[in-house]
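Here's the letter readout for the chains.
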Amino acid sequence: MTRTINDLRDQADRAQRLARTGMDSLTAERLRAYAEECRIEAAERERQSGASPAA
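### Focus on the overall build of the protein chain
The helix and strand tally for the protein chain stands at two helices and zero strands. Expressed as a percentage of its 55 residues, the buried residues of the protein chain come to 22%. Counting every atom, the protein chain has about 4,200 Å² of accessible surface; 51% of that belongs to carbon and sulfur.

### Let's talk about the side chain of Gln16
Among the secondary structure elements, Gln16 is positioned in helix α1 (residues 5–19). Owing to a relative accessible area of 19%, Gln16 belongs among the buried residues under this scheme. Look past the residues within four positions of Gln16 in its chain and what remains in contact with it is Arg32, Ala35 and Arg39.

### Things to note about the nonpolar core
Ile5, Leu8, Ala12, Ala15, Ala19, Ala28, Leu31, Ala35, Cys38 and Ala42 together form the largest nonpolar core, which totals 10 residues. Counting residues per element, the ones that place at least two in this core are α1 and α2 (25–49).

### Some details on the pattern of salt bridges
All told, the structure shown has five salt bridges when counted by the stated rule. For Asp13, the salt bridge goes to Arg39, with nearest N and O atoms at 3.4 Å. You can see Asp13 sitting in helix α1 and its partner Arg39 sitting in helix α2, a full 26 residues away along the chain. On the basis of relative accessibility, which here comes to 34%, the residue Arg39 falls in the partly exposed class.

Each value, and the rule that gives it
- Going along each chain's sequence as written, the residues are numbered from 1 onward.
- Under the rules for a predicted model, residues below a pLDDT of 70 receive no local features and side-chain atom pairs below 80 are neither given nor counted, while totals for whole chains, interfaces and linings still include all residues.
- By convention in this description, side-chain values take in all heavy atoms of the structure and omit both hydrogens and water.
- Put simply, DSSP H or I for four residues or longer makes a helix, DSSP E for two residues or longer makes a strand, and each gets a number counted from the N terminus.
- Buried, partly exposed and exposed residues are distinguished by accessible area as a fraction of the type maximum, computed with a 1.4 Å probe on protein chains only: under 20%, between the cut-offs, and over 50%, respectively.
- For the accessible areas, the method is Shrake-Rupley and the probe is 1.4 Å, while residue cover comes only from the protein chains on display.
- Between two residues, a contact is recorded if the distance between any of their heavy atoms is within 4.5 Å.
- What is meant by a nonpolar core is a set of buried Ala, Val, Leu, Ile, Met, Phe, Trp, Tyr and Cys residues, joined one to another through side-chain atoms within 4.5 Å.
- Salt bridges are defined by distance alone: a side-chain nitrogen of Lys or Arg within 4 Å of a carboxyl oxygen of Asp or Glu.

What follows is the structure in structure tokens.
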């Protein structure tokens, strides 16, 4: 199943929220990195599809 742009944004938001919950710093940093990867992939897909980015 292919992740949609909205799925990627939701995962990025969820990872950012989890990173703020007071867990160990390594896990939090990995979650922030994953969130950034999701946002980059969503932006790339938007560019490829010609869709305008949602705010």
